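# Observations on the three-dimensional arrangement
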Amino acid sequence: NEKFEASTCKCVLKLLSHLSKEDQKLLIELDIKNIPIQKISDAMSVSKSTLKVRRYRARQRLKKILMKVCLIGSSEECSNCDCQ
């Protein structure tokens, strides 16, 4: 959904700071820098499956923060957002 992407992308980098350092690093490396999951799993000595679960959980935590701060999904979507 383009509207969702446009309204949230402004906040994502700033709101990453609300996550643990591990979650931040994982999401930045996998989702922003697009480092291959195999390379990261090798470096961390964990399986790709474990890494995928960690990424999923980190994304869910970030989603909760986005929904709370930016009111994603409500009629006031991003009206209360100071991330810009």
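Structure: see above.
It should be emphasised that the depicted structure is a prediction, and the values quoted were computed from it without experimental measurement. Along every chain, residues carry numbers that run from 1 in the direction the sequence is written. Per-residue local features are limited, in this predicted model, to residues with pLDDT of at least 70; the limit for side-chain atom pairs, both in listing and counting, is 80 or more; totals at the level of whole chains, interfaces and linings are taken over all residues. Each side-chain value is derived from all of the structure's non-hydrogen atoms; neither hydrogens nor water enter the calculation.

Here the focus is unusual backbone geometry. Despite not being glycine, N34 shows a phi value in the positive range, around 55°. Tracing the chain through its elements places N34 in the loop between α2 (21-32) and α3 (37-44). A positive phi angle is found at S45, which is not glycine, with a value near 55°. As for its position among the elements, S45 is in the loop between α3 and α4 (48-70). Put simply, DSSP H or I for four residues or longer makes a helix, DSSP E for two residues or longer makes a strand, and each gets a number counted from the N terminus.

What follows deals with α3. Burial classes follow relative accessibility: with a 1.4 Å probe on protein chains only, a residue under 20% of its type's maximum area counts as buried, one over 50% as exposed, and anything between as partly exposed. Among the residues of α3, I37, I40 and S41 are the ones counted as buried. Summarising the axial view, the buried residues of α3 lie within an arc of 100°, below the 170-degree limit, and thus occupy one face. Opposite its buried face, α3 presents the exposed residues K39, D42 and A43, each directed more than 90 degrees away. Whether two residues are in contact is decided by their heavy atoms: any pair within 4.5 Å suffices. The inward-facing, buried residues of α3 contact α2 and α4. Just downstream of α3, S45 is the residue with a positive phi angle, here 55°. Within this analysis, the arc is defined by the directions that extend from the helix axis to the C-beta atoms.

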